[in-house]
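For reference, the chains in residue letters:
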Amino acid sequence: MTTTTTLDAPLGIVGVVDAVTSQLRGRILSGEIRSGAPLTEAAVSQTFGVARPSAKAAIEQLVATGLLVRTAHRSARVVGIDADTVRDVYRTRVRMESAALRELAATGTVPDAARDANAEILALPGGPDPATVDPDLRFHTALIDALQSERTGRMYRSVLDEVRLCMAQVQGRRLLDAAVIAAQHTDILDAVESGEGERAAALLDAHLSSAEERLVEALDAD
């Protein structure tokens, strides 16, 4: 007689954990839960009406993505965005995205998803706008995804929450103009399409360095 394994209960638990993780991530990225704020299992359990193990699993997921940090015998806390963090996040992006651009330029491949995301930014009113964060992130992610490498995509996504947190800080402080962002993106794509990998990488470096320096200056002024 053949027996089957029931997976209903584990799937239900995973669904709850993912839902809580998503809610917490959104509150952190929006600034509702501030940098340095503690997140205890008890508080998360009470806030969302879930069991402590589910709350713990959600916290651990956010620790893994870098949005929360935890030291021995202490509650998890929302990661603090300081100058060193910003520089490391942006320079990690430059390393990964520059390599992607050189590879794409070798065949003149410009991902449609990157063009579409940039068109959304172009359609926004001129001036700094927090609404640029989502299409901006999709633009850059499209460059990585165009490599069609599951492992490269997974590596890039491992830092996406920290990237989004920095980008939210940049645009939340209204440090960059949407029209300027779109124009820089267009220049990068044009260089890729024309096969100029090194030029595309240099344009990307300047593009990301501008955001990095403005955010570092703003943080130092706080």
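Residues numbered from 1 in each chain as written. Predicted model: local features only at pLDDT ≥ 70, side-chain atom pairs only at ≥ 80, totals over all residues. Heavy atoms only, no water.

1. Points about the overall build of the chain
Line of reasoning, step 1. For the chain, the count of helices and strands is 10 helices and 3 strands.
Line of reasoning, step 2. Counting from the amino terminus, helix and strand elements in the chain follow one another as α-β-α-α-β-β-α-α-α-α-α-α-α.
Line of reasoning, step 3. Counting across all 222 residues of the chain, residues that qualify as buried make up 41%.
Line of reasoning, step 4. Looking at the chain alone, contacts between residues at least 24 apart form 72% of all its contacts between residues at least 6 apart. (Helix = DSSP H or I, 4+ residues; strand = E, 2+ residues; numbered from the N terminus. Buried < 20%, exposed > 50% of the residue type's maximum accessible area, 1.4 Å probe, protein only. Contact = heavy atoms within 4.5 Å.)

2. Describing the pattern of salt bridges
Line of reasoning, step 1. Applying the stated criterion to the full structure yields 13 salt bridges.
Line of reasoning, step 2. In this structure, the salt-bridge partner of Arg87 is Glu213, at a minimum N-O distance of 2.8 Å. Of this pair, Arg87 sits in helix 4 (residues 83–105) while Glu213 is found in helix 10 (residues 197–221), placing the two residues 126 residues apart along the sequence.
Line of reasoning, step 3. According to the relative accessible area criterion, Arg87 is partly exposed, its value standing at 22%.
Line of reasoning, step 4. The exposure class assigned to Glu213 is partly exposed, which follows from its relative accessible area of 31%.
Line of reasoning, step 5. If you follow the salt bridges from partner to partner, you end up with Arg87, Arg91, Glu212 and Glu213 in one network. (Salt bridge = Lys/Arg side-chain N within 4 Å of Asp/Glu carboxyl O.)

3. Re the confidence of the model for the chain
Line of reasoning, step 1. Summary statistics for the chain give a mean pLDDT of 86 and a share of 90% for residues scoring 70 or more.
Line of reasoning, step 2. Of the regions scoring below 50 in pLDDT, residues 1–11 engages in 0 contacts with residues more than four places distant in sequence or in other chains. (pLDDT = per-residue confidence, 0-100.)

4. Regarding the packing of helix 4 against helix 6 (residues 133–145)
Line of reasoning, step 1. One can describe the packing of helix 4 onto helix 6 by two numbers: an axis separation of 9 Å at closest approach and a directional angle of 55°. It follows that helix 4 is oblique to helix 6 by the angle criterion. Regarding helix 4 and helix 6, the two cross each other, and that crossing is left-handed. Here Arg93, Met96, Glu97, Ala100, Leu101 and Leu104 of helix 4 come into contact with helix 6, specifically with His140, Leu143 and Ile144.
Line of reasoning, step 2. Residue classes in the contact of helix 4 with helix 6 are distributed as 6 nonpolar, 1 polar and 2 charged. (Axes fitted to C-alpha atoms, helices over the stretch in contact; angles between N-to-C directions. Parallel < 35°, antiparallel > 145°, perpendicular 65-115°, else oblique. Left-handed = near helix turned anticlockwise from the far one by under 90°. Nonpolar A, V, L, I, M, F, W, Y, C, P; charged D, E, K, R; others polar.)

5. Some words on the sheet that holds strand 2 (residues 68–69)
Line of reasoning, step 1. What the 3 strands build is an open sheet, ordered 1-3-2; its pairing is antiparallel. With partners counted over all chains shown, the strands left at the sheet margins are strand 1 (38–39) and strand 2, one partner each.
Line of reasoning, step 2. In this structure, strand 2 lies alongside strand 3 (residues 76–78), joined through 2 bridges in antiparallel fashion. Directly across from Leu68, in strand 3, lies its bridge partner Val78. (Pairing = 2+ DSSP bridges.)

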